[in-house]
Amino acid sequence: MQLLKTTDKDFTPQFKALVNNRREATVDVSGTVHDILADVKVRGDAAVKDYTSRFDHFSPHSLRLSETFMAEQAAKCPAEVKAALELAAERIGSFHERQLPQDIGYTDTVGVKLGLNWVSLSQVGIYVPGGRASYPSSVLMNALPAKIAGVERIVMTVPMPRGEINPAVLAAAQVAGVTEIYSIGGAQAIAALAYGTDSITPVDKIVGPGNAYVAEAKRQVFGTVGIDSIAGPSEILVVADDKNNPEWIAWDLLSQAEHDPSAQSILITDSETFAQQVIAAVEQVIPQLSTKEAASTSWEKHGAVIIVNDLADSISLLNQLAPEHVELCVDNPQLLASQIKCAGSLFLGRYTPEAIGDYLGGPNHVLPTSRSARFASGLSVYDFVKRITYLECNQAALQKVGQAAVTLAEAEGLPAHAGSVAIRLQSGY
């Protein structure tokens with residue numbers, strides 16, 4: 001764990017190294033993924049079944065889960081978990097319904113009708129991890145925005161190592177209304193969704209996080225299909241003053257560290273005493289976690305505590321780090337929040353731990369990582385709709401704007417462009 005102080009002479013190079021630290025998998029899997037994609041593209045279901053048997057030690061007769069199997073497994077989900085999923089779905093749905101965009105249509109001063117229509121994607125694939133990370137909450141976060149956007153066909157793939165699946169994942173799918181589910185994962189699942197097989201109709205876009213192979217597969221199929229993003233390891237940055245309970249902040253930092261040994265947790269504070277208290281609290285909490293191996297490695301290798309003179313100084317640092325999650329545990333979090341330009345999602349105040357957002361806060365928990373919050377946003381309804389613009393000129397309107405179009409087409413050396421307008425200006429039918 002790094003302890004940095006803005007007053008240190010070598011702070012700038014140390015902070016720059018922290019910003020540029022690449023925590024993604026260092027092993028190049030592109031070649032392996034390329035071969036898997038090519039194989040699935042040619043052999044379809046047979047290739048998918050071969051890879052499923054090899055990697056998941058599971059040989060399904062049918063890739064698609066039957067309605068009976070899904071219902072039986074979902075019924076094994078504890079009642080309190082099902083109730084929590086239903087509450088989460090209600091809150092997530094309510095937030096995302098407010099994102100539905102409005103069409104635009106107007107007639108300008110020369111009589112040209114212009115507009116923009118929003119239309120939903122037709123079919124979307126949702127990748128749900130099933131290995132180290134088996135998250136029913138991710139089913140809701142990916143499926144509900146698509147459903148609210150109006151996507152007609154929502155397909156889910158989830159690996160079933162040794163034929164096992166978390167009942168809560170299927171309960172979440174039930175709550176979200178997803179009924180087309182395939183027991184496959186890895187690069188082969190991405191290939192099946194992108195290219196299609198005998199039993200799987202290809203989709204238009206693939207969303208959802210996964211391991212290095214899934215991320216690389218999404219990168220390679222982009223263009224054949226759309227993708228949401230290339231997900232990297234989880235991140236949290238907590239800005240906190242010394243009025244906080246250091247143990248609370250320790251738990252918050254570890255809430256992301258426990259995801260993955262490559263996850264990153266950073267604290268920025270204006271109190272060195274408080275910083276040391278949090279560091280001590282983290283060391284006390286880690287042994288209590290069933291996820292202590294991942295959490296400990298993450299904290300030791302990628303954790304950082306930065307001491308600033310004033311919490312206002314945290315804004316510049318934060319915007320350079322562009323973290324996935326930001327907690328503002330201060331008296332007036334809205335003041336700092338108004339200055340933040342690069343973050344996936346903000347959690348304001350001492351009583352808003354990031355974990356609330358992971359499950360049922362309302363905003364999506366699929367967020368930009370690896371500093372991509374500089375230019376990207378979290379998953380939303382907007383990811384499942386597209387824009388179609390339109391123009392309508394009558395004869396009078398074309399007479400008013402057409403000659404300028406002819407002039408520009410001729411300037412660009414495109415005579416057919418110019419002619420298609422000019423011929424309408426010179427004569428009627």
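The structure presented is a predicted model; accordingly, all values stated were derived computationally and were not measured.

### Considering the sheet that holds strand S4 (residues 123–127)
- Reading across the sheet, the 5 strands line up as S6-S5-S4-S7-S8 and stay open at both edges, with parallel pairing between neighbours. Of all strands in the sheet, those with a lone pairing partner are strand S6 (180–182) and strand S8 (226–227), marking the two edges.
- With 2 bridges joining them, strand S7 (residues 205–207) and S8 adopt parallel strand pairing. Residue pairing in the sheet places Lys 205 in a bridge with Gly 226 of S8.
- Here helix H8 (residues 186–195) sits on the sheet and contacts S4, strand S5 (153–157) and S7; the angle it forms with S4, its principal contact strand, is near 175 degrees.

### Description of the pattern of salt bridges
- For the coordinates displayed, the defined rule picks out 10 salt bridges.
- A salt bridge links Lys 243 to Asp 331; the nearest nitrogen and oxygen atoms lie 2.4 Å apart. With Lys 243 in the loop between strand S9 (235–240) and helix H10 (246–257) and Asp 331 in the loop between strand S12 (325–329) and helix H14 (333–337), this pair connects stretches of sequence that are 88 residues apart.
- A cluster of three or more residues bridged by salt bridges with shared partners is formed by Asp 241, Lys 243, Asp 331 and Arg 350.

### Thoughts on the sheet that holds strand S14 (residues 385–392)
- With respect to topology, 3 strands assemble into an open sheet ordered S2-S3-S14, the strand pairing being antiparallel. Whereas interior strands pair on both sides, the edge strands pair on one side only; in this sheet they are strand S2 (104–107) and S14. Each strand axis lies, on average, 15 degrees off the axis of its neighbour in the sheet, ignoring direction.
- In this structure, strand S3 (residues 113–120) lies alongside S14, joined through 8 bridges in antiparallel fashion. Note on S14: the bridge partner recorded for Gly 115 is Tyr 390.

### Some thoughts on helix H9 (residues 212–221)
- Turning to H9, its buried residues number three or more, namely Val 214, Ala 215, Glu 216, Ala 217, Lys 218 and Val 221.
- Structurally, H9 contributes buried residues whose contacts are with helix H2 (30–43), S4, H8, S7 and S8.
- Regarding H9, its N-cap is Asn 211, as a side-chain oxygen of that residue lies 3.0 Å from the backbone nitrogen of Tyr 213 further along.
- Of the residues trailing H9, Gly 223 is marked for its positive phi of about 110 degrees.

### A few points about the pairing of strand S10 (residues 264–269)
- In terms of residue burial, S10 counts as a mostly covered element, since 6 of its 6 residues are buried.
- By the alternation rule, side chains of S10 split into Gln 264, Ile 266 and Ile 268 and Ser 265, Leu 267 and Thr 269, which are all buried.
- As judged from the 6 bridges shared by S9 and S10, these two strands associate in the parallel manner. Counted as the bridge partner of Leu 237 is Ile 266 from S10.
- Following the backbone out of S9, through H10 and into the adjacent parallel S10, one traces a crossover that is right-handed.
- As paired elements, S10 and strand S11 (residues 304–307) share 4 bridges and run parallel to each other. The residue bridging Ile 268 from the neighbouring strand is Ile 306, located in S11.

### Here we look at the nonpolar core
- Ranked by size, the top nonpolar core spans 42 residues in total, and within it Leu 140, Met 156, Val 178, Ile 181 and Phe 384 carry the most contacts.
- Those elements giving two or more residues to this core turn out to be helix H4 (67–75), helix H5 (79–97), S4, helix H6 (136–149), S5 and helix H7 (167–176).
- Considering each element in turn, this core owes the most residues, 8 residues, to H6.
- Setting aside its immediate chain neighbours within four residues, Ile 181 contacts Leu 63, Arg 64, Leu 65, Met 70, Met 156, Val 158, Leu 170 and Ala 173.
- Core analysis: the second largest hydrophobic core is formed by 27 residues, Ala 189, Ile 190, Leu 193 and Ala 194 among them.

Conventions used here
Residues numbered from 1 in each chain as written. Predicted model: local features only at pLDDT ≥ 70, side-chain atom pairs only at ≥ 80, totals over all residues. Heavy atoms only, no water. Pairing = 2+ DSSP bridges. Helix = DSSP H or I, 4+ residues; strand = E, 2+ residues; numbered from the N terminus. Contact = heavy atoms within 4.5 Å. Axes fitted to C-alpha atoms, helices over the stretch in contact; angles between N-to-C directions. Salt bridge = Lys/Arg side-chain N within 4 Å of Asp/Glu carboxyl O. Buried < 20%, exposed > 50% of the residue type's maximum accessible area, 1.4 Å probe, protein only. Polar contact = N/O pair within 3.5 Å; in protein donor to acceptor, adjacent residues only side chain to side chain. Right-handed = clockwise from strand over helix to strand, strands pointing away. Core = buried A, V, L, I, M, F, W, Y, C linked by side-chain atoms within 4.5 Å.

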